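Residue-level listing of the chains:
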Amino acid sequence: MGKLRITQVKGANRAKRNQSETLRTLGLKKIGDVVEREDTPQFRGMANTVIHLVSVEEVE
């Protein structure tokens, strides 16, 4: 399986509570933070929840 590179591009100030918590669960704390996670349905779902706040790239 590949990996996902998730970058936070917008702040979570006015985001819903579940979206803020999803960012924290992914390991993102501030704009510009980047994490790499395994490409699993769970992480895809989390990234999809906050897709308007993050940028997602597939990495080999």
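So, a few notes on the structure that sits alongside this text. (Residues numbered from 1 in each chain as written. Predicted model: local features only at pLDDT ≥ 70, side-chain atom pairs only at ≥ 80, totals over all residues. Heavy atoms only, no water.)

Let's talk about the sheet that holds strand S3 (residues 54–59)
Strand order across the open sheet formed by three strands is S2-S1-S3, with antiparallel pairing between neighbours. Both outer strands of the open sheet, strand S2 (34–38) and S3, are each paired with one neighbouring strand and no more. Taken over all neighbouring pairs, the strand axes of this sheet differ in orientation by 25 degrees on average, direction set aside. With six bridges joining them, strand S1 (residues 3–8) and S3 adopt antiparallel strand pairing. Bridging from a neighbouring strand, Arg-5 pairs with Glu-57 of S3. Along the sheet face, helix H2 (residues 41–49) touches S1, S2 and S3 and points at about 150 degrees away from the line of S3. (Pairing = 2+ DSSP bridges. Helix = DSSP H or I, 4+ residues; strand = E, 2+ residues; numbered from the N terminus. Axes fitted to C-alpha atoms, helices over the stretch in contact; angles between N-to-C directions. Contact = heavy atoms within 4.5 Å.)

Regarding the pattern of salt bridges
Under the defined criterion, the tally for this structure stands at six salt bridges. Of the charged contacts in the structure, one is a salt bridge between Glu-58 and Arg-44, with a shortest N-O distance of 2.9 Å. With Glu-58 in strand S3 and Arg-44 in helix H2, this residue pair connects regions lying 14 residues apart in the sequence. Bridged by salt links that share partners, the residues Arg-5, Glu-36 and Glu-57 form one connected network. (Salt bridge = Lys/Arg side-chain N within 4 Å of Asp/Glu carboxyl O.)

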